[in-house]
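Chain residues, written in single-letter form:
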Amino acid sequence: MSAPAAPATPSSIDDLPPAIEVRGVRRVYKAKPNPVTALDGVDLDVAPGELFGLLGPNGAGKTTLIKILTTLLLPTDGTARVFGFDVARQTTEIRRIMNIVSGGEQSGYGLLQVREQLWMFSQFYGIPVREGWRRVDELIDAVGLQEQRHQKISSLSTGQRQKLNLARGLMNDPWILFLDEPTLGLDVSAARVVRDLVRGWQAAVPGRTILLTSHYMAEVDELCDRLAIVDHGRILALGTPTELKQRVSAGSIFRLVLDALEGGVEPIAALPGVERAVLAADDATAPDGQTVAVNLQLTDDAVLGSVITALAAQDAHIVALQKSEPTLEDVFVELVGRGFGDAPEGDR
Ligand SMILES: Nc1ncnc2c1ncn2[C@@H]1O[C@H](COP(=O)(O)OP(=O)(O)OP(=O)(O)O)[C@@H](O)[C@H]1O
Ligand SMILES: [Mg+2]
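Okay, so let's go over this structure. (Residues numbered from 1 in each chain as written. Chains lettered and ligands numbered in written order. Predicted model: local features only at pLDDT ≥ 70, side-chain atom pairs only at ≥ 80, totals over all residues. Heavy atoms only, no water.)

1. As for the pattern of salt bridges
Worth spelling out the cut-off: We define a salt bridge as a contact between a side-chain nitrogen of Lys or Arg and a carboxyl oxygen of Asp or Glu at a distance within 4 Å. Counting from the N terminus, the helices are the DSSP runs of H or I reaching at least four residues and the strands are the DSSP runs of E reaching at least two. Each residue's exposure class comes from its accessible area (1.4 Å probe, protein chains only) as a fraction of the maximum for that residue type: buried when under 20%, exposed when over 50%, partly exposed otherwise.
Counted under the stated rule, the structure contains 20 salt bridges. We note a salt bridge from Asp86 to Arg89, for which the minimum N-O separation is 3.7 Å. In this structure, the salt-bridge partner of Lys323 is Asp301, at a minimum N-O distance of 3.0 Å. Placement of Lys323 in strand 14 (residues 318-324) and of Asp301 in the loop between strand 13 (292-298) and helix 10 (304-313) is noted, with a sequence separation of 22 residues between them. Given the relative accessible area of 37%, Lys323 is considered partly exposed. Exposure remark for Asp301: the relative accessible area of 38% places this residue in the partly exposed category. One continuous salt-bridge network, built from bridges that share partners, spans Arg192, Arg195, Asp196, Arg199, Glu219 and Glu222.

See the structure below:
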């Protein structure tokens, strides 16, 4: 917190070392009755300018990794570097170029007003007085707390407090911003404001990097360039949201609703490029038996043409056609064998 403001970001991101370089990091907490292995051999590379997400259930090790990268915690084994600086030996250098914002964090001193509080932080970051006030007002505008500028911190709503936290996190103009569940507990519109802010901040200067954790799959899907799915202290999968979703469904999945299917589903299933064609059992679209629904898995979208031709030959007409996209939740369930809402298998 007492680190001075970060030096200006270099003009070319080609000059920058990797934003994050983690090699074989393990972290064991000494806990009773048994030690807890929170990170169990993590390797991770994040390039300057990336918005990288860590997605994982409670207790996966996300916050532990962030604490290591922000020099709040040492790894038990392995090495980690942030913009080339070693987390164990170059804490001062790292603190100058990073900041961290956690969802649900307490925002300083309840009796201070928003503007006073932010100015105090500007002084912690060593920003000269006049520049500090300028920066405070700029950030209040940026996060949309103009109406609350003279309100006491203790009276802010959850969403307003989170905007204040974000303003604090941007105060030292970090090269890398760690966001640990930045939209925790926010309503839909407040969460959107926070996401837009984060994205806008990052896009404004090449090389600005964000590492974000979240439980909200849609948020990670929408925001992140790449993500890692983490569970039990390990990275289970890593890639762009599109790459990860492609892993669970090879090909395309469609749901067809037809007015009739006299010849049955077998002729469709036998067509080249059709991996699966089954009558939908849960047929909510045809409670009165007037239509028939078929779930199709095709090697790719183009196969749909021959399916439609074959149906026409059977005199079956399409009432509705819906393409289903896999979600990150499908990826997670396939990898971990349980959904986010399910309880983990016992304490570790
Ligand atoms: N100080 C500590 N002492 C002992 N165990 C700890 C400590 N901090 C974390 N752990 C354990 O380490 C594991 C990883 O915790 P961590 O907070 O990194 O998970 P997380 O992925 O951030 O979870 P969440 O989504 O709930 O925030 C958990 O099993 C947790 O109980
Ligand atoms: Mg956490």
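Text resumes after the structure shown.
2. What to know about the nonpolar core
What counts here: In plain words, nonpolar cores are sets of buried Ala, Val, Leu, Ile, Met, Phe, Trp, Tyr and Cys residues tied together by side-chain atoms within 4.5 Å.
Membership of the largest hydrophobic core comes to 42 residues, with the highest contact counts inside it found for Val114, Leu118, Leu179, Ile210 and Leu328. Per element, the largest residue contribution to this core is six residues, and it comes from helix 6 (residues 188-204). Of all hydrophobic cores here, the second largest spans 30 residues; its members include Ala19, Ile20, Leu65 and Ile176.

3. A word on the site of ligand 1
How we decide: Any residue with at least one heavy atom within 4 Å of a molecule or strand is counted as near it. Throughout this description, a polar contact denotes any pair of N or O atoms lying within 3.5 Å of each other; where both atoms belong to protein, one of them has to be capable of donating a hydrogen while the other can accept it, and for residues adjacent in sequence the pair is counted only when both atoms sit in side chains. Throughout, the Shrake-Rupley method with a 1.4 Å probe supplies accessible areas, and for residues the shown protein chains are the sole cover considered.
Residues in close proximity to ligand 1 total 15 residues, the closest being Gly59, Lys62, Thr63, Thr64 and His215. At 2.8 Å, a side-chain N or O of Asn58 approaches an oxygen atom of ligand 1. Starting from 640 Å² of accessible surface for ligand 1 in isolation, the protein chains cover 65%. At the level of secondary structure, the elements contributing two or more residues to the shell around ligand 1 comprise strand 2 (36-46) and helix 1 (62-69). For the shell around ligand 1, the element with the most residues is helix 1, which contributes three residues.

4. Some remarks on the environment of Val46
Formally: Pairs of residues are marked as contacts when any of their non-hydrogen atoms sit within 4.5 Å.
On the secondary structure map, Val46 appears in strand 2. In sequence terms Val46 and Phe83 are 37 residues apart; their C-alpha atoms lie 9.7 Å from each other. Apart from residues no more than four positions distant in its own chain, Val46 is found in contact with Pro18, Ala19, Ile20, Phe52, Thr209 and Arg226.

5. Considering the sheet that holds strand 4 (residues 77-82)
The strands that make up a sheet pair up through hydrogen bonds in the backbone, lying either parallel or antiparallel. Put simply, the test is: By the convention used here, strands pair only if DSSP detects at least 2 bridges between them.
On the basis of which strands lie adjacent, the open sheet formed by four strands has the order 2-1-4-5 and antiparallel pairing. A single partner strand is all that each edge strand has here, and the edge strands are strand 2 and strand 5 (85-86). Both strand 4 and strand 5 contribute to a ladder of two bridges, which runs antiparallel. Of the residues in strand 5, the one forming a bridge with Arg81 is Asp86.

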